[in-house]
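Summary of structural features
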There are 2 protein chains.
Amino acid sequence: MDEVQEAIGVIDSGVGGLTVAYELMRQLPNEKIVYLGDTLRCPYGSRTKEEVQVFTKEMVDFLMKKNLKMVVIACNTATAYALEMLREELTIPVLGVIKPGSRAAIKASKNNHIGIIGTEGTVASQAYPEALHSIKEQVQAESLACPLFVPMVEKGITEGEQAYELVKENLLPFKHTFPMDTLILGCTHYPLLETTIQQALGEEISIISSSEETAREASMLLEFFDGLRTESRESGHEFYATGDVEVFRTIAEKIFNEEITNLEKVCMEKATI
Amino acid sequence: MDEVQEAIGVIDSGVGGLTVAYELMRQLPNEKIVYLGDTLRCPYGSRTKEEVQVFTKEMVDFLMKKNLKMVVIACNTATAYALEMLREELTIPVLGVIKPGSRAAIKASKNNHIGIIGTEGTVASQAYPEALHSIKEQVQAESLACPLFVPMVEKGITEGEQAYELVKENLLPFKHTFPMDTLILGCTHYPLLETTIQQALGEEISIISSSEETAREASMLLEFFDGLRTESRESGHEFYATGDVEVFRTIAEKIFNEEITNLEKVCMEKATI
């Protein structure tokens, strides 16, 4: 029997990270993805740092049995709280979502005014402004929490009048008070609203999807470590969720626009024994 | 005395790589750049693989005395012929220009049709189609050599009617025969023509600058290896050229839009003793 194929592990507090998984599949079609969403304990935004670290560690311990070559933390909160810890503990590369979006925004911005939208937790953490300033202190960064976006996306509303009105209502006052030329979608749910956000803000603002950018940096790191598969994938992707798998399936199939097989419910406490 | 500040070394066959240096300075303003352009032996496009490897090695040997933490090969030909060799020989990260542009194009393209323009050498080498296919075999890649672009840029003509007419004449037939939604500027001179190329092709085509993308990946790799400076730079950038320094200065000052200090002529044969 051949050696088991190595995979990219993706962890998230829930379903938002599926946009990162989708981009990994689109940009790296030869790679196998193993995804774990902690939908039972979602959202992480209101958890303490210690809780998020324990949960993240549990998820990674579960995924590490799947023969991984890389871990992607496809969750802003878990990236902010657990990326450094995981990089110290694991011998394979670990990637978060905050720096890829920040680097892409610095590249895109001509006027050094970068806006960030995210959940209340992500905005409160100041993770994006800190990441931006650690690379380029000249950047003017302003964040806006958009707490109504995730519930709307999870209801399946991403385009049409209702989505457009809510997006406009939240983002136009931000655009008018802050002269950004670049906006980071600092939440992995928001790429599903990208078309609507671009319409509302106009073409003059560059929209940066952390999901697209994280997948692109995963591509880079795998090449750097000679880990990129150059042949077609042998087996299907795998999905795991700690909560209701049918809700997960519905959202995943909407994002991937295809049927999801290989989806299982897992219990985290059991996985940590 | 403090330890000498670590720098990013940039090598190129001539002046084209200055667009990569410019992007490194823009995206990573805390970093010090040491640039060496082999203007005496430029262009590399018509050289053999062995010649390019020897020249590249000589340049890197010279720069390695400058306390580098990373080397960027800001030349398509040298990347194609010498990247793997340098990665094996050096203990610091080495970055080329071909894969960053390829990854960014795969990220940007929605219809998987990616055009590449470059010098005759780069197009003949098939380096971009090979890089694209090694990551995503579904990509349709078509290349076009634009041998008149570099001489025009080196004359300082990058905008206006003459530039627009030449760009249109070269690129419109390409656009009409190949349904690309993304175009890679596969030559480090071409970012200077980016505005003109975008005008000629229209907004519906995404233009990928290998220079911007390489700087962005340098940012990523430095962060990954904990090598990113988070404080302001202490000293100025350094520039070296093997040929006429006044021609070099004129082009460099046009690209950076500021005066170039710290420019010296160096002799490569001497540097290899």
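The rules behind these values
- Residues numbered from 1 in each chain as written.
- Chains lettered and ligands numbered in written order.
- Predicted model: local features only at pLDDT ≥ 70, side-chain atom pairs only at ≥ 80, totals over all residues.
- Helix = DSSP H or I, 4+ residues; strand = E, 2+ residues; numbered from the N terminus.
- Least-squares fit on C-alpha atoms with pLDDT ≥ 70 in both.
- Contact = placed C-beta atoms within 7 Å.
- Core = buried A, V, L, I, M, F, W, Y, C linked by C-beta atoms within 7 Å.
- Buried ≥ 20, exposed ≤ 12 C-beta atoms within 10 Å, placed from the backbone.
- Domains from an automatic or database assignment.
- Nonpolar A, V, L, I, M, F, W, Y, C, P; charged D, E, K, R; others polar.
- Pairing = 2+ DSSP bridges.
- Axes fitted to C-alpha atoms, helices over the stretch in contact; angles between N-to-C directions.
- Arc of directions from axis to C-beta.
- Parallel < 35°, antiparallel > 145°, perpendicular 65-115°, else oblique.
- Left-handed = near helix turned anticlockwise from the far one by under 90°.
- Right-handed = clockwise from strand over helix to strand, strands pointing away.
- pLDDT = per-residue confidence, 0-100.

1. So, the overall build of chain A
The helix and strand tally for chain A stands at twelve helices and ten strands. Its C-alpha atoms give chain A principal-axis dimensions of about 60 × 40 × 35 Å.

2. Structural notes on the relation of the copies chain B and chain A
The transform that puts chain B on chain A rotates by 180° and translates by 0.0 Å along the axis, for an RMSD of 0.0 Å. The transformation relating the two chain copies, once decomposed into turn and shift, fits a two-fold axis. Most of the interface of chain B is mirrored in chain A, where 100% of its interface residues again form contacts.

3. Quick notes on the nonpolar core
Ranked by internal contacts, the top residues of the largest apolar core, which has 166 residues, are Ile73(A) and Ile73(B). Excluding residues within four positions of it along the chain, Ile73(A) makes contact with Ile11(A), Ala78(A), Thr79(A), Ala82(A), Leu83(A), Val94(A), Leu95(A), Gly96(A) and Val97(A).

4. Some points on the domain arrangement of chain A
Residues and elements named next belong to chain A. Entries for chain A in the domain assignment read domain 1 (7-96 + 213-271) and domain 2 (98-210). Summarising the inter-unit geometry, the C-alpha centres of domain 1 and domain 2 are found 23 Å apart. Counting residues at the interface gives 19 residues for domain 1, matched by 23 residues for domain 2. Looking at the side of domain 1 that touches domain 2, the elements with two or more residues in it are helix H1 (18-27), helix H3 (76-89), helix H10 (210-224) and helix H11 (245-256). In terms of residues, the side of domain 1 that touches domain 2 owes the most to one element, H3, which gives four residues. Class assignment for the residues of the side of domain 1 that touches domain 2 results in five nonpolar, ten polar and four charged.

5. Observations regarding the sheet that holds strand E5 (residues 113-118) of chain B
Residues and elements named next belong to chain B. Reading across from one edge, E6-E5-E7-E8 is the order of the four strands in this open sheet, with parallel pairing throughout. If you trace the sheet from one side to the other, it starts and ends with strand E6 (140-145) and strand E8 (206-209), each paired once. Strand-to-strand, the axes of this sheet are offset by a mean angle of 25°, without reference to chain direction. Across six bridges, E5 lies against E6 in parallel orientation. Considered in E6, the bridge of Gly 118 is made with Ala 145. With respect to the sheet, helix H4 (residues 98-108) is in contact with E5, strand E7 (182-185) and E8, its orientation differing from that of E8 by roughly 160°.

6. Description of the interface of chain B and chain A
Accessible area lost upon the coming together of the parts is a frequently used measure of interface size. The interface of chain B with chain A comprises 22 residues on the first partner and 22 residues on the second. Within the residue set of the side of chain B that touches chain A, elements represented by two or more residues are H4, helix H6 (127-135) and helix H10 (210-224) of chain B. In terms of residues, the side of chain B that touches chain A owes the most to one element, H10(B), which gives eight residues. In the side of chain B that touches chain A, the residues fall into nine nonpolar, five polar and eight charged.

7. Describing the sheet that holds strand E4 (residues 94-95) of chain B
All names here are of chain B. The parallel open sheet is built from six strands, whose spatial order is E4-E3-E1-E2-E9-E10. Since the sheet does not close on itself, it has two edges, and those belong to E4 and strand E10 (263-265), each with one partner. As paired elements, strand E1 (residues 7-12) and strand E3 (residues 68-73) share five bridges and run parallel to each other. Within E3, the position partnered with Ile 8 by the bridge is Met 70.

8. Re helix H6 (residues 127-135) of chain A
Residues Ala127(A), Tyr128(A), Ala131(A), Leu132(A) and Ile135(A) constitute the buried set of H6(A). Seen along its axis, H6(A) keeps its buried residues to an arc of 130°; they face one direction.

9. Topic: the packing of H1(A) against H10(A)
The relative placement of two packed helices comes down to the angle between their axes together with the axis-to-axis distance. All names here are of chain A. Contact geometry for H1 and H10: axes closest at 8 Å, N-to-C directions at 45°. With respect to their mutual orientation, H1 and H10 come out oblique. Here H1 runs over H10; the crossing is right-handed. The residues of H10 that touch H1, namely those facing Thr 19, Val 20, Glu 23, Leu 24 and Gln 27, are Ser 211, Glu 212, Thr 214, Ala 215, Arg 216, Ala 218 and Ser 219. Per-class residue counts for the contact of H1 with H10 are four nonpolar, five polar and three charged.

10. Details of the environment of Tyr81(B)
Mapped onto the fold, Tyr81(B) is located in helix H3 (residues 76-89). Along the chain, Tyr81(B) and Leu68(B) lie 13 residues apart, while their C-alpha atoms are 22 Å from each other.

11. Some words on the environment of Thr19(B)
Residue and element names in this part refer to chain B. Mapped onto the secondary structure, Thr 19 falls in helix H1 (residues 18-27). Separated by 172 residues in the primary sequence, Thr 19 and Pro 191 place their C-alpha atoms 7.0 Å from one another. With residues up to four places along the chain from it excluded, the contact list for Thr 19 reads Thr 188, Pro 191, Leu 192, Ser 211 and Ile 255.

12. Considering unusual backbone geometry
Residue and element names in this part refer to chain A. Along the chain, Cys 42 connects to Pro 43 via a cis peptide bond; the corresponding omega equals -5°. Topologically, Pro 43 is positioned in the loop between strand E2 (32-37) and helix H2 (49-63). Its identity as a non-glycine residue notwithstanding, Asn 67 has a phi of 60°, on the positive side. In this structure, Asn 67 sits in the loop between H2 and strand E3 (68-73). The phi dihedral of Gln 126 is positive, around 60°, even though this residue is not glycine. In this structure, Gln 126 sits in the loop between helix H5 (120-125) and H6.

13. Observations concerning the pairing of E5(B)
All names here are of chain B. Burial runs high along E5: five of the six residues are buried. Here E5 pairs with E7 via four bridges, running parallel. Its bridge partner being in E7, Ile 117 is matched across the sheet by Leu 185.

14. Things to note about the pairing of E8(B)
Residues and elements named next belong to chain B. With four bridges connecting them, E7 and E8 associate as parallel partners. Across the sheet, residue Leu 183 finds its bridge partner in E8, namely Ile 207. In this region the chain leaves E7, passes through helix H9 (residues 194-201) and returns to the parallel neighbour E8; the handedness of that crossover is right-handed.

15. Focus on the confidence of the model for chain A
In regions of low pLDDT, the predicted coordinates are not meant to be interpreted in detail. Residue and element names in this part refer to chain A. Summing up the model confidence of chain A, the mean pLDDT is 92 and the portion of residues at 70 or higher is 97%. Per-element confidence in chain A is highest for strand E7 (residues 182-185), whose mean pLDDT is 98, and lowest for helix H12 (residues 268-271), whose mean pLDDT is 61. Two summary scores accompany this predicted model of the complex, namely pTM at 0.91 and ipTM at 0.88.

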